[in-house]
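Survey of secondary and tertiary structure
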Amino acid sequence: MGNMKDIITLQKDLEQVGYIAEQSLAATLLLFAELKRPLLLEGDAGVGKTEIAKALAEVFHCPLIRLQCYEGLDASSAVYEWNYQRQLLAIKIQEAGGRPVAEMERHIFSEEFLLKRPLLQAISMPSPPVLLVDEIDRADEEFEAYLLEVLSDFQISIPELHTIEASSIPYVVLTSNATRELSDALRRRCLYLYVDYPNLDKELRIINRHLPEINRELAGQVVEFMHALRRQDLRKKPGISETLDWLAALMRLNVKNLNEDPELIAQTLVCLLKTKEDRDAVTHEVMKRLVANAG
Amino acid sequence: MKKFQTGIPAENIGAAGEDPLVVRIVEFVHLARAQGFHVGVREGLDALRVAKHCTVLDKQRLRWGLRSLLCGNADEWRRFDQLFDLYWLPSNRKTRIESASRGRIDSREAQGRRGPGGEVAEADQLQFGDTGDAGEGGARGGASLLEKTSGTDFRFLSDARLMREMEQLVERLARKMRRRLLRRQRIARHGQRVHLRRTIRKSLRYGGTPLELVFRQRRRKLPRLILLLDVSRSMSLYSYLFLRFARGVLGAFRDAQAFVYHTRLVPVTEVLRERNIDAVKEKLALISLGWSGGTRIGECTQSFNQQYAQKIVNSRSIVIMVSDGFDTGAPELLAEQLQRIRRRARKLIWLNPLLGREDYQPTAAGMQAALPFIDVFASAHSLESLKALESQLVYL
């Protein structure tokens, strides 16, 4: 773990690529880069988990390889697959040439015909990339176990070819929305970072970073409003991107102050509330109260 | 300083014994473990590595480093700061350290929000232990609690500790169900249809002759479970256990949904998903506040149909009603609503815990009205009968 100066440098670097991080977050990321252990990011949807991985890739000046998990994700779409159409063609072409069978077989099972999927791609890069395993909780338990194996050995065996060992150890970032319990083994293997909604100050800085021409007064009001809204009992709490969307919408409508036109504001709430229950829960009265409190 | 059994081999600590920082870190790792953090040997070693780079003076960096290293889930993450302060801040250290390694630190408890028992839910509608009913089945658990009590009707579990264990078992049972269902499906499907693409691919190594056939595995699809739990007074002996069961189901099956009803219907999916079981109890108690009078199964089912069914009930949904069928509303309404559910869903299962009693006949008007529309009518009054439910959930 680096010293305070390194932490501040990393924080600055992150800010430069558009990610506002607190010191504690930067310290964890620094630790992650140093220990080279996978990093497990948990938190509600919309708090910027995926953004962390993207920003890291930019700061480290390395490619980002993304593996989006889903139910039923299997090895052939995550690790490798043979390009069998090309193999077929190659066989057909070579049939005429009359080459020995053994040689032909070696040829069609060479790396030329191997389609590298994200995991294999990540470990066979010349310099370490950032590997983002997004929403690992959506994948099945079997895949989780397989991933755990790859992450501890950093080698993948391909029966027809040979075992491919990692030429570089990638920076692995896993994200989870906690829709399913992850195994303890995986949790233990990883560094853990719980990403919470940003505090007032951080959210303001994010807004200024993304929408530099924003009216300061409105931004302050909106952030206060968002924080109050997140404290409401909602099914889906609005994240940071919702804040930005909403602000963009308000700017388009030339709103200078949330108190101006409640009718109009109520209509723009579609940017924030995305289920029917939540829209019903935030009635006009609730909205007015929240706006009044936001000052 | 007291010597600890570390679990970390001595040679790895380096010049262990002398360095006070190392000793303190090891001690802290032990404290974390005693507090239920999942910390292995490797984490202990890495903690030492982290600490090597910091001086003890630099508490902040040490805190951040150890936090991401030792925590494994959101709950631990929230508790960590307090634990850290407790151990590393000088004023707290001596006085509180001892109590810390005994009881679990819970920030909410520290704020004094709950009484010593913490069982808020118990006081209200969700009562579960009727002490008058004590006795015969209340086997004092030991190593094989599961074995001894799996056939026992839940209502005979009078012992509070036994009840707590049973709750955990029930929750775990639900989680296990998913894994077994997946496995069973895979086996059942084995070798049904030839997967043409893969077969051609496999045939490459035989020069194009399809020697090895590959069989298609259909996408494994689990049913979507929708639980409707009756939490009225007459069900009070069982309702809390079924809520725990629902919690397990929600944890294991991704798009499962749960509702409770009594005089009105309340969705509880989000509430039950909460990690902290005490928080769940508290929220459930809040929900059940102000409920009284009989059960309106018909009306509640109707509001389910009107508000939620369209969105969540489809051809792979299995709707599970848990109720004893004592309805104060009109049976015709219930029949009509169940018919609507039946049309939409794959299966309608009715669990009636009373069915486990020998002398019980489903004569209640509500139950009579419901029977024609139920695919599976089961008892689910004990662990064994809950487990038997599993076979009904295999989706074909």
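1. What to know about the overall build of chain A
From N to C terminus, chain A includes 15 helices and 9 strands. If you take every contact in chain A between residues at least 6 apart in sequence, the share linking residues at least 24 apart comes to 75%. Carbon and sulfur atoms provide 50% of the accessible area of chain A, an area that totals close to 13,500 Å².

2. Some words on the pairing of strand β9 (residues 191-194) of chain A
On any regular strand, side chains alternate: one points to one face of the sheet, the next to the other face. Residue and element names in this part refer to chain A. Here β9 shows no split at all, with Leu191 and Leu193 on one side and Tyr192 and Tyr194 on the other all buried. As judged from the 4 bridges shared by strand β1 (residues 39-42) and β9, these two strands associate in the parallel manner. Each residue of the ladder has a partner; that of Leu41, found in β9, is Leu193.

3. Section: a positive patch on the surface
Residue and element names in this part refer to chain B. Taken together, the side chains of Arg172, Lys176, Arg179 and Lys387 present a region of like positive charge at the surface. At 3 residues, helix α10 (residues 160-189) tops the list of elements feeding residues into the positive patch. As for its placement among the helices and strands, Lys387 is situated in helix α18 (residues 383-388). Lys387 gets classed as partly exposed once you look at its relative accessible area, which sits at 39%.

4. Some remarks on the packing of helix α2 (residues 23-35) of chain A against helix α4 (residues 59-70) of chain B
One can describe the packing of α2 of chain A onto α4 of chain B by two numbers: an axis separation of 9 Å at closest approach and a directional angle of 65°. Handedness of the crossing formed by α2 of chain A with α4 of chain B: right-handed. Mapping the contact onto sequence places Gln23, Ser24, Ala27, Thr28, Leu31 and Leu35 of chain A in α2 of chain A and Trp64, Gly65, Arg67, Ser68 and Leu69 of chain B in α4 of chain B.

5. Details of the pattern of salt bridges
All names here are of chain B. According to the stated counting rule, one finds 21 salt bridges over all chains in the structure shown. Across the salt bridge formed by Arg67 and Asp81, the nearest N and O atoms sit 3.7 Å from each other. Taken together, the residues span a long stretch of sequence, with Arg67 in helix α4 and Asp81 in helix α5 (residues 74-88) at a distance of 14 residues. Of the charged contacts, one joins Asp255 and Arg224 as a salt bridge, the two residues approaching to 3.6 Å between their closest N and O atoms. Taken together, the residues Asp255 in the loop between α12 (236-252) and β4 (257-261) and Arg224 in strand β3 (residues 224-230) connect sequence positions 31 residues apart. Where salt bridges share partners, they join Arg63, Arg67, Asp81 and Asp85 into one cluster.

6. Here's the deal with a nonpolar patch on the surface
Residue and element names in this part refer to chain B. Together, Val194, Leu196, Ile200, Leu213 and Phe215 give the surface a local cluster of nonpolar side chains, amounting to about 440 Å² of exposed area. With respect to the secondary-structure elements, Leu196 resides in helix α11 (residues 196-203). The exposure class assigned to Leu196 is exposed, which follows from its relative accessible area of 57%.

7. Regarding the interface of chain A and chain B
In this complex, chain A contributes 44 residues to the contact, which on the side of chain B involves 41 residues. Of the roughly 4,000 Å² buried between chain A and chain B, counting both surfaces, carbon and sulfur atoms make up 50%. Across the pair Arg37 of chain A and Glu43 of chain B runs a salt bridge, and its minimum N-O distance is 3.3 Å. Elements with a contribution of two residues or more to the side of chain A that touches chain B: α1 (4-16), α2, β3 (80-82), α5 (84-97), α8 (141-153), α9 (184-189) and β9 of chain A. The leading source of residues in the side of chain A that touches chain B is α2 of chain A, at 7 residues. Of the residues that constitute the side of chain A that touches chain B, the class distribution is 17 nonpolar, 8 polar and 19 charged.

8. A look at the confidence of the model for chain B
Residue and element names in this part refer to chain B. When pLDDT is averaged along chain B, the result is 72, and 69% of the positions lie at 70 or above. Note on residues 1-16: pLDDT under 50 across the span, and 23 contacts to partners over four residues away in sequence or across chains. Between residues 95-102, whose pLDDT stays under 50, and residues either more than four places distant or in other chains, the model counts 11 contacts. Overall fold confidence (pTM) sits at 0.63, and the ipTM for the predicted complex is 0.74.

9. A few points about the environment of Val101 of chain A
By secondary structure assignment, the location of Val101 of chain A is in helix α6 (residues 101-108). Taking the C-alpha atoms as reference points, Val101 of chain A and Ile91 of chain A, separated by 10 residues in sequence, lie 10.0 Å from one another.

10. Notes on the packing of α12 of chain B against helix α14 (residues 277-288) of chain B
All names here are of chain B. For the pair α12 and α14, the least separation of the axes is 13 Å and the interaxial angle reads 125°. As far as their axial angle goes, α14 and α12 are oblique. Note on packing geometry: the crossing formed by α12 with α14 is right-handed. For the pair α12 and α14, contact is made by Tyr240, Leu243, Arg244 and Arg247 and by Ile277, Val280, Lys281 and Leu284, respectively. A breakdown of the residues in the contact of α12 with α14 according to their chemical character gives 5 nonpolar, no polar and 3 charged.

11. Observations concerning the side chain of Asn257 of chain A
Residues and elements named next belong to chain A. Locating Asn257 in the fold gives a position in the loop between α12 (240-252) and α13 (262-268). Side chain to side chain, Asn257 and Glu217 meet in a polar contact 3.1 Å long. Sequence-distant contacts of Asn257, that is, excluding residues within four places in its chain, are made with Glu217, Leu218 and Gln221.

What counts, and where the lines are drawn
Residues numbered from 1 in each chain as written. Chains lettered and ligands numbered in written order. Predicted model: local features only at pLDDT ≥ 70, side-chain atom pairs only at ≥ 80, totals over all residues. Heavy atoms only, no water. Helix = DSSP H or I, 4+ residues; strand = E, 2+ residues; numbered from the N terminus. Contact = heavy atoms within 4.5 Å. Areas by Shrake-Rupley, 256 points an atom, 1.4 Å probe, with all protein chains shown as cover. Buried < 20%, exposed > 50% of the residue type's maximum accessible area, 1.4 Å probe, protein only. Pairing = 2+ DSSP bridges. Patch = residues over 30% accessible without salt bridge, like charges linked within 9 Å, V, L, I, M, F, W, Y side chains within 5 Å. Salt bridge = Lys/Arg side-chain N within 4 Å of Asp/Glu carboxyl O. Lys, Arg positive; Asp, Glu negative; His and termini not counted. Charge placed at Lys NZ, Arg CZ, Asp CG, Glu CD. Axes fitted to C-alpha atoms, helices over the stretch in contact; angles between N-to-C directions. Left-handed = near helix turned anticlockwise from the far one by under 90°. Buried area = accessible area lost by both parts, 1.4 Å probe. Nonpolar A, V, L, I, M, F, W, Y, C, P; charged D, E, K, R; others polar. pLDDT = per-residue confidence, 0-100. Parallel < 35°, antiparallel > 145°, perpendicular 65-115°, else oblique. Polar contact = N/O pair within 3.5 Å; in protein donor to acceptor, adjacent residues only side chain to side chain.

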